[in-house]
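Here's the letter readout for the chains.
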Amino acid sequence: MDETQPFQVVYLDLSHYDEIMALWQRAGLHIRPAGRDSVEAFARQMATGVQTPIGLRAGEQLVAVVLATHDSRKGWINRLAVDPDYRRRGLATRLIALCQAHFQAQGIDIWTALIEEWNQPSLALFASAGYTLAQDITYASRRSHAEV
Ligand SMILES: CC(C)(COP(=O)(O)OP(=O)(O)OC[C@H]1O[C@@H](n2cnc3c(N)ncnc32)[C@H](O)[C@@H]1OP(=O)(O)O)[C@@H](O)C(=O)NCCC(=O)NCCS
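What this report covers is the structure whose coordinates are included nearby. Computed from a predicted model, the values in this text were never measured in an experiment.

**Notes on the packing of aromatic side chains**
Next up, step 1: A full pass over the atoms with the stated rule returns 3 aromatic pairs.
Next up, step 2: Taken together, a centroid distance of 5.9 Å and an interplanar angle of 90° make the contact between Phe7 and Tyr86 edge-to-face. Residue Phe7 is located in strand β1 (residues 7-11), and its partner Tyr86 is located in the loop between β4 (75-82) and α3 (91-104); the two are separated by 79 residues in the primary sequence. Across this residue pair, the class does not change: Phe7 and Tyr86 are buried.
Next up, step 3: Centre to centre, the rings of Phe126 and Tyr131 are 5.2 Å apart; their planes meet at 85°, and the pair counts as edge-to-face.
Next up, step 4: Of the residues examined, Phe126 reaches a relative accessible area of 3% and is grouped as buried.

**Things to note about the sheet that holds strand β2 (residues 51-58)**
What links the strands of a sheet is backbone hydrogen bonding, and the strands pair in either a parallel or an antiparallel sense.
Next up, step 1: Strand order in the open sheet made by the 5 strands is β1-β2-β3-β4-β5, with mixed pairing throughout. The outermost strands of the open sheet, each flanked by one partner alone, are β1 and β5 (111-112).
Next up, step 2: Where helix α2 (residues 39-47) meets the sheet, its contacts fall on β2 and β3 (61-70), and the angle it forms with β2 comes to roughly 110°.

**Thoughts on the site of the ligand**
Next up, step 1: Neighbouring residues of the ligand: 19 residues in total, closest Leu80, Arg88, Gly90, Thr93 and Asn119.
Next up, step 2: At a separation of 3.3 Å, an oxygen atom of the ligand approaches a polar backbone atom of Arg89.
Next up, step 3: At a separation of 2.8 Å, an oxygen atom of the ligand approaches a polar backbone atom of Gly90.
Next up, step 4: Look at the ligand: alone it shows 910 Å² of surface, and the protein chains cover 72% of it.
Next up, step 5: Of all the secondary structure elements, the ones that give two or more residues to the shell around the ligand are β4, α3 and α4 (120-128).
Next up, step 6: Of the residues belonging to the shell around the ligand, the class tally is 11 nonpolar, 5 polar and 3 charged.

**Here's the deal with the pattern of salt bridges**
Next up, step 1: All chains considered together, the criterion is met by 4 salt bridges.
Next up, step 2: Between Arg57 and Glu19 there is a salt bridge, with its nearest N and O atoms 2.9 Å apart. One end of the pair, Arg57, is in strand β2; the other, Glu19, is in helix α1 (residues 17-27), and 38 residues separate them in sequence.
Next up, step 3: For Arg57, a relative accessible area of 12% gives the class buried.
Next up, step 4: Since its relative accessible area comes to 27%, Glu19 is described here as partly exposed.
Next up, step 5: Here Asp37 makes a salt bridge to Arg79, at a shortest N to O gap of 3.1 Å. Highlighted residues: Asp37 in the loop between α1 and α2 and Arg79 in strand β4, separated in sequence by 42 residues.
Next up, step 6: Ionic contacts of the salt-bridge type, sharing partners, join the residues Arg32, Asp37 and Arg79 into one network.

**A few points about the environment of Thr138**
Next up, step 1: Residue placement: Thr138 occurs in the segment after α4.
Next up, step 2: Residue classification places Thr138 among the exposed residues on the basis of a relative accessible area of 74%.
Next up, step 3: In this structure, the C-alpha to C-alpha distance between Thr138 and Gly75, residues 63 residues apart in sequence, is 19 Å.

**Remarks on the nonpolar core**
Next up, step 1: Core analysis: the largest hydrophobic core is formed by 22 residues, its most contacted members being Phe7, Ile54, Ile77, Tyr86, Leu91, Leu95 and Cys99.
Next up, step 2: Broken down by secondary-structure element, the contributors of at least two residues to this core are β2, β3, β4, α3 and α4.
Next up, step 3: Among the elements that take part in this core, α3 stands out by supplying 7 residues, more than any other.
Next up, step 4: Apart from the residues lying within four places of it in its own chain, the contact partners of Ile77 are Val66, Leu67, Ile96, Cys99, Phe103, Thr112, Ala113, Phe126 and Tyr131.
Next up, step 5: The next biggest cluster of nonpolar side chains, apart from the first, holds 15 residues, and it includes Tyr17, Trp24, Ile31 and Leu67.

Conventions adopted
Residues numbered from 1 in each chain as written. Predicted model: local features only at pLDDT ≥ 70, side-chain atom pairs only at ≥ 80, totals over all residues. Heavy atoms only, no water. Phe/Tyr/Trp six-rings, centres within 6.5 Å; stacked < 30°, edge-to-face > 60°. Helix = DSSP H or I, 4+ residues; strand = E, 2+ residues; numbered from the N terminus. Buried < 20%, exposed > 50% of the residue type's maximum accessible area, 1.4 Å probe, protein only. Pairing = 2+ DSSP bridges. Contact = heavy atoms within 4.5 Å. Axes fitted to C-alpha atoms, helices over the stretch in contact; angles between N-to-C directions. Near = heavy atom within 4 Å. Polar contact = N/O pair within 3.5 Å; in protein donor to acceptor, adjacent residues only side chain to side chain. Areas by Shrake-Rupley, 256 points an atom, 1.4 Å probe, with all protein chains shown as cover. Nonpolar A, V, L, I, M, F, W, Y, C, P; charged D, E, K, R; others polar. Salt bridge = Lys/Arg side-chain N within 4 Å of Asp/Glu carboxyl O. Core = buried A, V, L, I, M, F, W, Y, C linked by side-chain atoms within 4.5 Å.

Below you can see the structure in the form of structure tokens.
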């Protein structure tokens, strides 16, 4: 690995689906191939116009990715993942900053992420990026079917 290698910012689209999935798998994210991570679901999400995948490349290789989405009120930082070989070099911090700039350009000034309580690296990351970690919010969700 070349430590001096610059990381190139890339705005991704549906054509990058396979490399995004491969990176999420390398990073250990739980993938729902029959649900919201299927190529059909990803295509539908992209067609809404509110999902922007942002990546960082080391040469040709995608080594970090995030999905910036918004609901018109809040910007959501989703599925942030860094290749295990490229961690603790500030790549996730850089992607968070890129998401923030993306949201701000659309007039969205509150930026949010859902983080599972066990995920200490991610909690530490968002705290270090200046995010307040709520202690008094419960995430409620319901699914129309099991695979979603
Ligand atoms: C969480 C994750 C995205 C962090 O990526 P990263 O590029 O290594 O993070 P950064 O280098 O930008 O870290 C910035 C700061 O966050 C904190 N941090 C990041 N990873 C940490 C870890 N494993 N343990 C403790 N603190 C950590 C540190 O304060 C770090 O600063 P430092 O390296 O100067 O100490 C990466 O570990 C990952 O992909 N994990 C698996 C997927 C995941 O859980 N995604 C989050 C979903 S909400």
